[in-house]
Amino acid sequence: MKKKIKIIVSGGGTGGHIYPAISIANALKQKHSNCEILFVGAEGKMEMEKVPAAGYDIVGLPIRGLQRSFSKENLKFFSRLLKSIWKAKAIVKGFKPDAVVGVGGYASGPLLRVATKLGVPALIQEQNSYAGITNKLLAKKAKKICVAYEGMDRFFPKNKIILTGNPVRKDLMEIESKKDEAIQYFELDPNKKTILIVGGSLGARTINNSLLKSLDAVSQSNVQFIWQTGKFYIDKVNEEMKNWDLPNLKVHAFLSRMDLAYAAADIVISRAGAGTISELCLVSKPSILVPSPNVSEDHQTKNALALVNKEAAMLVKDIEAEQKLIPEALSLIKNEEKLNRLSVNCKQLAKPNAADDIAEQILAMI
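What you see is a predicted model; the values in this text were computed from it and never measured. (Residues numbered from 1 in each chain as written. Predicted model: local features only at pLDDT ≥ 70, side-chain atom pairs only at ≥ 80, totals over all residues. Heavy atoms only, no water.)

**Section: the packing of helix H12 (residues 274-283) against helix H13 (residues 299-308)**
Consideration 1: Here H12 crosses H13 at 20 degrees, and the two axes come no closer than 10 Å. One finds that H12 runs roughly parallel with respect to H13. H13 is crossed by H12, and the crossing has right-handed handedness. The residues of H13 that touch H12, namely those facing Ala274, Ile277 and Cys281, are Asn303, Ala304 and Leu307. (Axes fitted to C-alpha atoms, helices over the stretch in contact; angles between N-to-C directions. Helix = DSSP H or I, 4+ residues; strand = E, 2+ residues; numbered from the N terminus. Parallel < 35°, antiparallel > 145°, perpendicular 65-115°, else oblique. Left-handed = near helix turned anticlockwise from the far one by under 90°. Contact = heavy atoms within 4.5 Å.)

**Quick notes on the environment of Leu215**
Consideration 1: The residue Leu215 is located in helix H9 (residues 215-220) in this model.
Consideration 2: Along the primary structure Leu215 and Val168 are separated by 47 residues, whereas in three dimensions their C-alpha atoms are 33 Å apart.
Consideration 3: Apart from residues lying up to four places away in sequence, Leu215 is in contact with Met241, Trp244, Leu246 and Leu249.

**Description of the sheet that holds strand S9 (residues 223-228)**
Consideration 1: With respect to topology, 6 strands assemble into an open sheet ordered S10-S9-S8-S11-S12-S13, the strand pairing being parallel. Of all the strands in the sheet, the pair left with one neighbour each is strand S10 (249-252) and strand S13 (314-315).
Consideration 2: Sheet strands touched by helix H14 (residues 321-332): strand S8 (193-197), S9, strand S11 (267-270), strand S12 (287-289) and S13. Its angle to S11, the strand with the most contacts, is close to 165 degrees. (Pairing = 2+ DSSP bridges.)

**Notes on the pairing of strand S1 (residues 5-10)**
Consideration 1: For S1, the buried fraction is high: 5 of the 6 residues fall into the buried class.
Consideration 2: Pairing of S1 with strand S2 (residues 35-42) involves 6 bridges; the strand directions are parallel. The residue of S2 that forms the bridge with Ile8 is Leu38.
Consideration 3: Pairing of S1 with strand S4 (residues 99-102), which is carried by 4 bridges, proceeds in the parallel orientation. For Ser10, the partnering residue across the bridge sits in S4 and is Gly102. (Buried < 20%, exposed > 50% of the residue type's maximum accessible area, 1.4 Å probe, protein only.)

**Notes on the environment of Gln228**
Consideration 1: Its place among the elements puts Gln228 in strand S9.
Consideration 2: With relative accessibility at 4%, the residue Gln228 sits in the buried group.
Consideration 3: Gln228 sits 70 residues away from Lys158 along the chain, and the two C-alpha atoms are 40 Å apart.
Consideration 4: Of the polar contacts made by the side chain of Gln228, one reaches the backbone nitrogen of Leu255; its length is 2.8 Å. (Polar contact = N/O pair within 3.5 Å; in protein donor to acceptor, adjacent residues only side chain to side chain.)

**Focus: the layout of surface pockets**
Consideration 1: Quantified by volume, the second largest pocket comes out at close to 450 Å³.
Consideration 2: Surrounding the second largest pocket, 23 residues form its lining, Ala148, Tyr149, Glu150, Ala306 and Leu349 being those nearest its centre.
Consideration 3: Put simply, the parts of the chain that give the lining of the second largest pocket at least two residues each are H12 and H13. (1 Å grid on protein atoms, 1.4 Å probe; cavity = no way out; pocket = protein on both sides within 12 Å on 5 of 7 lines; lining within 4 Å. Points joined across faces, edges and corners; volume = space filled by probe spheres on them.)

**Quick word on unusual backbone geometry**
Consideration 1: With phi around 50 degrees, Ser284 is a residue other than glycine that occupies positive phi space.
Consideration 2: In this fold, Ser284 is placed in the loop between H12 and S12.
Consideration 3: In the Ramachandran plot, Asp298 falls in the positive-phi region, its phi being about 50 degrees despite a non-glycine side chain.
Consideration 4: Among the residues examined, Asp298 registers a relative accessible area of 34% and is labelled partly exposed.

**Remarks on H13**
Consideration 1: Restricting attention to buried positions, one finds in H13 the residues His299, Gln300, Asn303, Ala304 and Leu307. In an axial view of H13, the angular spread of the buried residues amounts to 140 degrees, which keeps them on one side of the axis.
Consideration 2: Among the structural elements, H12, S12 and S13 are those in contact with the buried residues of H13. (Arc of directions from axis to C-beta.)

As structure tokens, then:
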């Protein structure tokens, strides 16, 4: 029987941090069955719900990020940080991990800081092409830093960097065989092209408004759309569309079967979060990326440009999306040569074994 090992995985805040963390944990379990994994997240954030649903234990720290505008919440930042460091110390001393893994997000800061001070080896996984502040601060103490983009020695010591890519969901590995199932599932016409529109699990106001302002063009097109509005926007979208009869527009608050959504799509319109970009490369779908302007250090634009500069995606700026986005998509979908070129180029950037490769690095570190 394999020797028991214990690992803490810390971070979260958004799906872009949580899903890779769960993928890494699953890969560790597959490679080393006698492996106990504890997650450490931020109280009140989505990891406190998503991680137990994936079958893992999680402990929350009272950490919160600094608000960019002045807020009373910022006055509590330092007391929350101190409480989080004390709690992290108790967690590390109690659990006695053989290694810690930070995936970015607020909780990974206190946990990895404490663990490395206590001599526990640490690995950081940075999803974006522009490193987050937490990971930049932790890089000096980490043993290994797994990244998804080239050129990350701008932020991290070169000798610690390993280019692994971002972990993605296993159900996206074989979507080619799911096209017929996808057409049935979404009640699509197999003879028409399909555009998939997603704005992340919460939705994206600009992308939704771009579609609402282009309903005339949608109704006149010979194209069908799968549209994930996000749960915050579904009521507004339904209200605005109540006088329209658009059988070619399939509206959903949330898509639980992203594998089928990708399988059905000829083009994807999306924000440019790191996880989404890794998925688009894996499924080799032509995409039009609309980077969110509401993220730190404009990292989504930098993520998108990493593809655009290799002719692996197109980019429409958020501020121009309401005028340009749907016309660009309807033009692109008629251009077979460009669709094929985008698909081939993004496939070359895919890293399908990222979770396994990161798990190998963690086990080797132990």
